[in-house]
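Chain by chain, the residues run as shown.
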Amino acid sequence: MPQREIEVILTRQLASYLTLPIFIVGPDGTLIFYNEPAEAILGHRFEETGEMPAQEWAAAYAATDDADQPLAANDIPLMIALREARPVHGSVAIRGRDRVRRRIEVTAFPLIGQARRHLGAVAIFWEVR
Amino acid sequence: MRVTLWGTRGSVASPGGETARYGGNTACVEVRAADGTILILDAGTGIRRLGASWPNGLRRVDVLLTHLHMDHIQGLGFFNPLYNECMEVHIWAPASPTMNLQTRLARYLSPPFFPVHLRDLACRLNLHEVPCDEITIGPFRVCAALVCHPGPTVGYRIETADATLAYLPDHEPALGVPNFPQSPEWTSGYGLAADADLLIHDAQYAGSEYAEHAGWGHSSVEQAIRFAALARVHHLVAFHHDPAHSDEDVDRIFAAATAAQHPAFKVSPASEGAVYELANARETAGARSAKTARAG
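Residues numbered from 1 in each chain as written. Chains lettered and ligands numbered in written order. Predicted model: local features only at pLDDT ≥ 70, side-chain atom pairs only at ≥ 80, totals over all residues.

**Some points on the overall build of chain A**
- Each helix and strand counted, chain A has five helices and five strands in total.
- Along chain A, from the amino end to the carboxyl end, the secondary structure elements read α-β-β-α-α-α-α-β-β-β.
- Against the compact-globule benchmark of 14 Å for 129 residues, chain A has a radius of gyration of 14 Å, which places it among compact chains.
- With the C-alpha coordinates aligned to their principal axes, the bounding extent of chain A is approximately 40 × 30 × 25 Å.
- Burial analysis of chain A (129 residues in total) assigns 38% to the buried set.
- Sequence-distant contacts, at least 24 apart, represent 46% of the contacts inside chain A between residues at least 6 apart. (Helix = DSSP H or I, 4+ residues; strand = E, 2+ residues; numbered from the N terminus. Rg over C-alpha atoms; globule rule 2.2 N^0.38 Å. Buried ≥ 20, exposed ≤ 12 C-beta atoms within 10 Å, placed from the backbone. Contact = placed C-beta atoms within 7 Å.)

Next comes the structure, spelled out in structure tokens:
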């Protein structure tokens with residue numbers, strides 16, 4: 001397997017040291033990593049899921065908006081940040097693999113590397129109780 | 001492909017009797033093809049001697065800078081071909097997110113840091129920003145990629161039809177990795193170094209020194225060996241010696257690291273003047289003195 005871009009490697013390394021839940025996707029929205037604090041909210045370990053295409057993880061977490069209406073994958077803050085290359089903040093509800101529904105706040109930003117390469121996006125999120 | 005080490009020291013030049021064997025000049029490596037094409041990797045203080053022995057009649061040179069820290073550019077202003085109006089000089093180096101390469105280089109090549117302006121050099125100067133698509137220079141195919149080191153920094157992979165050299169003189173792939181190395185996919189520099197015949201890699205510290213320098217952008221000898229093993233290289237040259245390390249220190253650190261790691265490939269401490277001949281997809285001759293190689 002080829003090596004990932006250095007900015008993505010460093011983002012993952014930073015995420016693995018932070019206690020904030022962090023979720024990282026590649027340029028096409030494929031999930032490529034989430035850290036241990038995120039595992040507690042998503043209901044399973046990253047090692048159990050591995051990489052997942054955008055449609056698959058969006059369906060798996062069944063995101064809904066504030067009015068409990070289903071959110072299409074493209075309307076999830078992380079995917080907006082990826083598509084529009086801008087920071088996005090939002091509130092959504094997700095259902096983890098443990099079947100527990102949780103409301104979360106999300107701040108997402110695009111990963112734009114050297115020479116303006118679009119490398120993916122990152123979501124920082126936390127549970128709202 | 002003939003690879004000659006003109007400067008092996010990291011951070012700052014450290015001439016003196018205690019560093020005479022491995023050398024006190026900072027990073028500079030010459031890569032010469034059978035047809036005479038020359039690439040120069042970094043322009044540390046070692047480039048001055050290389051420029052002084054420049055082959056008559058050779059009118060083009062490509063200087064590939066990994067980054068613009070002083071120990072990699074300080075010799076540039078003392079490289080004779082820059083002042084020769086018959087020379088075509090190409091400099092390849094990374095831009096920053098906010099400054100192009102010309103602006104960045106001119107910060108050094110202008111007063112008060114240097115008496116000559118970049119724009120006043122006599123040669124025909126061409127600046128190129130990396131990383132970019134694969135570059136072809138004579139028989140060389142050159143690939144540059146960003147690596148883990150403070151500020152925009154690249155490593156280079158240089159291939160000919162029968163040999164591959166990887167050059168990562170300032171590189172800290174173990175930063176933030178508890179059990180280094182992880183998988184190739186998540187290891188900085190792997191794509192550049194994979195299956196190289198010769199890897200010239202940062203090995204500034206003893207293992208015991210790394211912890212207090214984590215994040216400075218450099219590796220220990222042990223980490224360099226682990227990285228080389230992951231990348232399945234055939235020969236590792238441990239480069240960028242710490243300026244505070246004497247020849248005896250380098251010997252001791254190197255012996256301890258190789259004894260602990262038992263590498264299944266050849267490992268050598270970089271020595272100023274060493275020459276490596278790479279051919280037929282494998283290095284065919286070990287290090288020789290530059291004098292011997294030039295005489296041959």
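Following the structure, the description resumes.
**Comments concerning the sheet that holds strand β4 (residues 101–112) of chain A**
Residue and element names in this part refer to chain A.
- Strand order in the open sheet made by the five strands is β2-β1-β5-β4-β3, with antiparallel pairing throughout. Lying at the two open borders of the sheet, with one neighbouring strand each, are β2 (31–34) and β3 (88–95). Within the sheet, the average angular offset between the axes of one strand and its neighbour, ignoring direction, is 30°. (Pairing = 2+ DSSP bridges. Axes fitted to C-alpha atoms, helices over the stretch in contact; angles between N-to-C directions.)

**Remarks on the pairing of strand β10 (residues 164–168) of chain B**
Residue and element names in this part refer to chain B.
- For β10, the tally of buried residues reaches five of five residues, placing the bulk of the element in the interior.
- Residue alternation in β10 divides its side chains into two sets, T164, A166 and L168 and L165 and Y167, and both sets are buried.
- The sheet contact formed by strand β9 (residues 154–159) and β10 spans four bridges and is antiparallel. Along β10, the bridge assignment pairs Y156 with Y167.
- The antiparallel hairpin formed by β9 and β10 contains four residues in its connecting segment.
- Strand direction decides the pairing type here: β10 and strand β11 (residues 198–202), joined by four bridges, are parallel. Each bridged residue has a counterpart across the sheet, and for L165 the counterpart in β11 is L198.

**Here's the deal with helix α5 (residues 77–84) of chain A**
All names here are of chain A.
- Turning to α5, its buried residues number three or more, namely P77, L78, M79, A81 and L82.
- Buried residues in α5 make contact with β1 (22–25), α4 (54–61), β3, β4 and β5 (118–127).
- Downstream of α5 by a residue or two, A85 has a phi angle that is positive, lying close to 50°.

**As for unusual backbone geometry**
- Of note, the bond from P111 of chain B into P112 of chain B is cis; its omega dihedral lies within 30 degrees of zero at 5°.
- Topologically, P112 of chain B is positioned in the loop between α3 (101–108) and β6 (124–130).
- With an omega dihedral of 0°, the bond running from F180 of chain B to P181 of chain B counts as a cis peptide bond.
- Examined against the element boundaries, P181 of chain B turns out to sit in the loop between β10 and α4 (190–193).
- Despite not being glycine, D68 of chain A shows a phi value in the positive range, around 65°.
- Looking at the element boundaries, D68 of chain A is found in the loop between α4 and α5.
- Within the chain, H262 of chain B stands out as a residue other than glycine whose phi angle is a positive 45°.
- Assignment of secondary structure puts H262 of chain B in the loop between α7 (247–261) and β13 (266–269).

**Focus: the interface of chain A and chain B**
- Across the contact, 11 residues belong to chain A and 15 residues belong to chain B.
- Class assignment for the residues of the side of chain A that touches chain B results in six nonpolar, three polar and two charged. (Nonpolar A, V, L, I, M, F, W, Y, C, P; charged D, E, K, R; others polar.)

**A look at the nonpolar core**
- In terms of nonpolar packing, the biggest core is built from 118 residues, with L78 of chain A together with I40, L165, L199 and A238 of chain B touching the most fellow members.
- Residues contacting L165 of chain B, with those up to four places away along its chain left out, are M1, V3, V31, I158, A196, D197, L198 and L278 of chain B. (Core = buried A, V, L, I, M, F, W, Y, C linked by C-beta atoms within 7 Å.)

**Points about the environment of F265 of chain B**
Residues and elements named next belong to chain B.
- By the element assignment, F265 lies in the loop between α7 and β13.
- According to the C-beta neighbour criterion, F265 is partly exposed, with 14 such atoms within 10 Å.
- Separated by 185 residues in the primary sequence, F265 and N80 have C-alpha atoms spaced 38 Å apart.
- The residues touching F265, leaving out its near neighbours within four places in the chain, are A228, V233, H234, H235 and L236.

**What to know about the packing of helix α6 (residues 221–230) of chain B against α7 of chain B**
All names here are of chain B.
- In contact at an axis separation of 9 Å, α6 and α7 are set at 45° when each is read in the N-to-C sense. The angle between the axes of α6 and α7 places the two elements in the oblique class. Judged by the sense of rotation from one axis to the other, the crossing of α6 with α7 is right-handed. Packed against α6, whose contacting residues are V221, E222 and I225, the element α7 presents I253, F254, A257, A260 and Q261 at the interface.
- A breakdown of the residues in the contact of α6 with α7 according to their chemical character gives six nonpolar, one polar and one charged. (Parallel < 35°, antiparallel > 145°, perpendicular 65-115°, else oblique. Left-handed = near helix turned anticlockwise from the far one by under 90°.)

**Some details on the sheet that holds strand β7 (residues 135–137) of chain B**
Residue and element names in this part refer to chain B.
- Taken in spatial order, the seven strands line up as β7-β8-β9-β10-β11-β12-β13 in an open sheet, and their pairing is mixed. The sheet is open, and its two borders are formed by β7 and β13, each paired with just one other strand. Here the average twist between neighbouring strands, direction ignored, is 20°.

**Some thoughts on the pairing of strand β2 (residues 28–32) of chain B**
All names here are of chain B.
- With four of five residues buried, β2 is to be regarded as a mostly interior element.
- In this sheet, β2 lies alongside strand β1 (residues 2–7) in antiparallel orientation, the contact comprising five bridges. Bridge assignment links L5 to a residue of β2, and that residue is V29.
- Where β2 lies against strand β3 (residues 38–41), four bridges are found, and the strand directions are antiparallel. Bridged to V31 within β3 is L39.
- Counted between consecutive antiparallel strands, the loop separating β2 from β3 contains five residues, among which G36 sits at a positive phi close to 95°.

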